Structure formats: C-alpha cells, structure tokens
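Take a look at the letters that make up each chain.
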Amino acid sequence: MGLFEKKNKLDDKLVSELTDKQRKEKADRLEEQREDVVRRLEKLMIRISKETGMYRLRDRKFPLGDAPNDREIED
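Report follows, based on the coordinates. (Residues numbered from 1 in each chain as written. Predicted model: local features only at pLDDT ≥ 70, side-chain atom pairs only at ≥ 80, totals over all residues. Heavy atoms only, no water.)

A word on the overall build of the chain
Applied cut-off: Counting from the N terminus, the helices are DSSP H or I runs at least four residues long and the strands are E runs at least two residues long. The classification of residues rests on relative accessible area computed with a 1.4 Å probe and restricted to protein chains. Under 20% of the type maximum is buried, over 50% is exposed, and intermediate values are partly exposed. In this analysis, two residues are considered to be in contact whenever any of their non-hydrogen atoms come within 4.5 Å of each other. In this description, accessible areas are obtained by the Shrake-Rupley approach with a 1.4 Å probe, and a residue is regarded as covered only by the protein chains that are shown.
Secondary structure summary: the chain contains one helix and zero strands in total. Of all 75 residues assigned to the chain, the portion counted as buried reaches 13%. Long-range pairs, those at least 24 residues apart, make up 33% of the contacts in the chain with a sequence separation of at least 6. Carbon and sulfur atoms make up 54% of the accessible area of the chain, which amounts to about 6800 Å² in all.

Structural notes on a nonpolar patch on the surface
Test applied: Residues qualify for a patch when their relative accessible area is over 30% and they have no salt bridge, like charges being joined within 9 Å and the nonpolar side chains of Val, Leu, Ile, Met, Phe, Trp and Tyr within 5 Å. When a carboxyl oxygen of Asp or Glu lies within 4 Å of a side-chain nitrogen of Lys or Arg, that pair is called a salt bridge.
Taken together, the side chains of Val37, Leu41 and Leu44 make up a nonpolar region of the molecular surface, amounting to roughly 230 Å² of accessible area. Mapping Leu44 onto the fold places it in helix α1 (residues 20–52). Residue classification places Leu44 among the partly exposed residues on the basis of a relative accessible area of 34%.

Structural notes on the pattern of salt bridges
On inspection of all chains with the given rule, the structure shows six salt bridges. The closest approach of N and O atoms between Arg39 and Glu35, which form a salt bridge, is 3.8 Å. Taken together, the residues span about one helical turn, with Arg39 and Glu35 both in helix α1 at a distance of four residues.

Digging into the environment of Arg23
Take Arg23: it is sitting in helix α1. Those residues in contact with Arg23 that lie beyond four places of it in its chain are Val15 and Leu18.

Quick word on α1
Spelled out, the test is: In a helix, the anticipated span is given by 1.5 Å times the number of residues less one.
End to end, α1 covers 47 Å across 33 residues, agreeing with the expected 48 Å (1.5 Å per residue, within 8%). When α1 is considered as a whole, its buried residues turn out to be Gln22, Lys26, Arg29, Glu31, Val38 and Ser49. Following α1 by one or two positions, Gly53 adopts a phi angle in the positive range, close to 80°.

Right, here's the structure in full:
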C-alpha cells in the first residue's frame, strides 16, 4: 500500500460543498492516514535508535491515541 491512496470523489470538493456526513467521512479518512504516518515514523525511529545507540529516540511522551492532539473515538 502506498503512502497516498487512490483519489476519492470527495477529495476534489470544497469543504463548504460537503454534507456533514461527507465531512465526517473525509476527516476520519485523513485521521487514519495521519495515524499510519505516525506508525511509520515510530518504526523508523526505533530502527534509527538501534543503529545509533540513542535509545531515547524511540520513547514517546504519549502513545498513539493518547496524545493531546489525537481524536477521541466516538462510539
């Protein structure tokens, strides 16, 4: 799977043209992509920390999902 997925029909529309449901779907999709990037960065930092011996590079202050800017999951 590539970093950027196939374009969605909502990608070309302005946010003001979307319905509330479409905006939520787009926001959820973008959040999933952001989390994927964070996971990739964490794996990269673990690899770098092993290669450099700087093990403090792998530590995060907050785990993914608990950081202040992470979205809360609505059930």
